[in-house]
Amino acid sequence: MTPITPRRRHHAAGYAVVLLGLLLVGAAYAVIAGSGSSASAAAPNAAQQAQIAEGKNLFAQDCASCHGFAAQGQSGVAPSLIGVGAAAVYFQVSTGRMPAKEADAEQPRKPPELNQKQTLAVAAYIQSLGGGPDIPSAAQVNPNGADVALGQSLFIANCAQCHNFSGAGGALTYGKYAPPLTQPTPKQIYTAMLTGPEAMPVFNDGTVTPSEKRAIIAYVTGERSQPNPGGFSLGRVGPVTEGLVAFLGLLLFMVLAAMWIAAKHGRAHE
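Note that the coordinates shown come from a computational prediction; the quantities given were computed from them, not determined experimentally.

(A) Quick look at the packing of aromatic side chains. Scanning the model with the defined rule gives 2 aromatic pairs in all. Relative to Tyr125, the ring of Phe59 lies with its centre 5.5 Å away and its plane at 55°, an arrangement referred to as tilted. One end of the pair, Phe59, is in helix H2 (residues 13-62); the other, Tyr125, is in helix H5 (residues 116-130), and 66 residues separate them in sequence. By the burial criterion, Phe59 is buried, and Tyr125 matches it. With 5.4 Å between their ring centres and 50° between their planes, Phe155 and Tyr219 make a pair best called tilted. A residue pair is termed long-range when its members are at least 10 positions apart, and Phe155 in helix H7 (residues 148-158) and Tyr219 in helix H10 (residues 210-223) qualify at 64 residues. Each member of the pair, Phe155 as well as Tyr219, is classed as buried. In this structure, Lys187 packs its charged tip against the face of Tyr90, placed 5.7 Å from the ring centre.

(B) Representation of the nonpolar core within the structure. Judged by nonpolar contacts, the single largest core of 19 residues is most densely connected at Phe59, Val89 and Ile126. For this core, the secondary-structure elements that each account for two or more residues are H2, helix H4 (86-94) and H5. With 6 residues, H5 is the single largest residue contributor to this core. Residues contacting Phe59, with those up to four places away along its chain left out, are Ala64, His67, Gly68, Phe69, Ala71, Leu81, Tyr125 and Ile126. With 17 residues, the next largest nonpolar core counts Val141, Leu194, Phe203 and Ile217 among its residues.

(C) Molecular detail of the environment of Thr195. Its place among the elements puts Thr195 in helix H9 (residues 186-195). You can call Thr195 buried: its relative accessible area is 18%. C-alpha separation for the pair Thr195 and Val84, spaced 111 residues apart in sequence, amounts to 7.7 Å. At 2.7 Å, the side chain of Thr195 forms a polar contact with the backbone oxygen of Thr191.

(D) Seen up close, the pattern of salt bridges. Evaluation of the coordinates by the stated rule reveals 3 salt bridges. With its nearest N and O atoms 3.8 Å apart, the salt bridge here joins Glu198 to Arg97. Linking Glu198 in the loop between H9 and H10 with Arg97 in the loop between H4 and H5, this pair joins segments that are 101 residues apart in sequence. With a relative accessible area of 6%, Arg97 lands in the buried category. Between Lys213 and Asp205 there is a salt bridge, and its shortest N-O distance comes to 3.0 Å. Note on Lys213: relative accessible area 0%, which makes it buried.

Cut-off values and rules
- Residues numbered from 1 in each chain as written.
- Predicted model: local features only at pLDDT ≥ 70, side-chain atom pairs only at ≥ 80, totals over all residues.
- Heavy atoms only, no water.
- Phe/Tyr/Trp six-rings, centres within 6.5 Å; stacked < 30°, edge-to-face > 60°.
- Helix = DSSP H or I, 4+ residues; strand = E, 2+ residues; numbered from the N terminus.
- Buried < 20%, exposed > 50% of the residue type's maximum accessible area, 1.4 Å probe, protein only.
- Lys NZ or Arg CZ within 6 Å of the ring centre and 35° of its normal.
- Core = buried A, V, L, I, M, F, W, Y, C linked by side-chain atoms within 4.5 Å.
- Contact = heavy atoms within 4.5 Å.
- Polar contact = N/O pair within 3.5 Å; in protein donor to acceptor, adjacent residues only side chain to side chain.
- Salt bridge = Lys/Arg side-chain N within 4 Å of Asp/Glu carboxyl O.

This is the structure we're talking about:
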């Protein structure tokens, strides 16, 4: 009997053999998978690093004066961008809200200063700093085939209180304003839901699923082409505005009628 025979009969010997086998299989798989993907992964990584470098330069030129050169933010001037994600950068920059001309908590939509390539570069740089919600793909924001009825019910339940049932926007408390949804692209609407800009709450994928976001986008974009059977749309902001216009019109009619009656009565008296 060799000295190793008693150890082979130990109750833990079987577990040791199984563990050793699993380690060998895992190591072999890692070697095979790594050799097959290393060549294809080199080019995307190099392109991504170049995009991040471009975004860092653009950030230093257009954003660092407010947000700091490390995107750490400045108290009372601009918030930190570490961890906000590429989606937040895409929404703010593509809608022209950023870079801002002056320090203000709520920036209006305006023509963007950076083109699409530059916007994606800055977004990639911010994403590299601390992660966060990424920019959705074209398939995620495509409203074709989405459930418009579901989108309408979700929009009325979650968005109409601020943006109006037709997406016309409206005033909020404390001087804030919900912008109209007549101009944003599907990707801008999706990234707004992901990141919750300004007074808007965040609707992450746990709150509103990607398919539900597509349904909301389908409803919002579909409302833009809906006809106005009543004639003038009056901004499509609901019965309050329509009632006010009707009241002012009736009041003007009554004033003119009173003036006409008074003038006619004066001529008859003479």
